[in-house]
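Results of the structural survey
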Amino acid sequence: MELLNLPKFEYKLQKKDGKLYIFDQLRKKYLFLTPEEWVRQHFVNYLIEHLSYPKSLIKLESGLTYNQVQKRTDIQVFDRSGALFMIVECKAPYVALTQNVFEQVAQYNHTLRSPYIVITNGMSQYCCKTNWDTFQIDFLENLPKFP
């Protein structure tokens, strides 16, 4: 797998039937290792180990309905009261973080109304704060501290 622009960590890999799997510390099971999963696992580790986000308040691949179509977010982070704090959309390292990617997660957030949105491909990331009163979006230089 490709070296990412995220902190390295001690991941566990397993080969089964000629396919590679990575251990997911949140779901406590091995998942098929795709480029997107590689980014997701690195980003989750970054949130937990480097930014001190509580692992118990992080949920992976959560479903939602948008325009009567079933979708899913890659990562959701909740605050200590249980309110949604951040959604993260992960892409493979070779996928450019274009306006289309941002619009995808913004559509999800139209339903979810998270205060923070992040998109990452493991090489770069963009974070923005949303204000639902003014419908303003402000891009941030860093991810917010966990409340």
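Residues numbered from 1 in each chain as written. Predicted model: local features only at pLDDT ≥ 70, side-chain atom pairs only at ≥ 80, totals over all residues. Heavy atoms only, no water.

Quick look at the overall build of the protein chain now. When helices and strands are tallied, the protein chain shows two helices and nine strands. Moving toward the C terminus, one meets the helices and strands of the protein chain in the order β-β-β-α-β-β-β-α-β-β-β. Over its C-alpha trace the protein chain gives a radius of gyration of 15 Å, about what one expects of a compact globule, namely 15 Å for 147 residues. Each principal axis of the C-alpha atoms in the protein chain carries an extent, and together these give about 50 × 30 × 25 Å. Burial analysis of the protein chain (147 residues in total) assigns 45% to the buried set. Long-range contacts, defined as pairs at least 24 residues apart, comprise 48% of the intrachain contacts of the protein chain with a sequence gap of at least 6. As displayed, the protein chain offers around 8,500 Å² of accessible surface, 48% of which is attributable to carbon and sulfur atoms. Distance from the positive charge centre (18 side chains) to the negative charge centre (15 side chains) of the protein chain: 7 Å. (Helix = DSSP H or I, 4+ residues; strand = E, 2+ residues; numbered from the N terminus. Rg over C-alpha atoms; globule rule 2.2 N^0.38 Å. Buried < 20%, exposed > 50% of the residue type's maximum accessible area, 1.4 Å probe, protein only. Contact = heavy atoms within 4.5 Å. Areas by Shrake-Rupley, 256 points an atom, 1.4 Å probe, with all protein chains shown as cover. Lys, Arg positive; Asp, Glu negative; His and termini not counted. Charge placed at Lys NZ, Arg CZ, Asp CG, Glu CD.)

Let us look at the pattern of salt bridges. Inspection of every chain in the model, using the stated rule, returns eight salt bridges. Across the salt bridge formed by Asp 24 and Arg 27, the nearest N and O atoms sit 2.6 Å from each other. Accessibility expressed as a relative area gives 0% for Asp 24, which makes it buried. Here Arg 27 falls in the partly exposed class, since its relative accessible area comes to 27%. For Arg 72, the salt bridge identified is with Glu 36, shortest N-O distance 3.8 Å. Here Arg 72, found in strand S5 (residues 69-78), pairs with Glu 36, found in helix H1 (residues 35-50); they are 36 residues apart in sequence, far enough to count as distant. A cluster of three or more residues bridged by salt bridges with shared partners is formed by Asp 24, Arg 27, Glu 36, Glu 37, Arg 40, Arg 72 and Asp 74. (Salt bridge = Lys/Arg side-chain N within 4 Å of Asp/Glu carboxyl O.)

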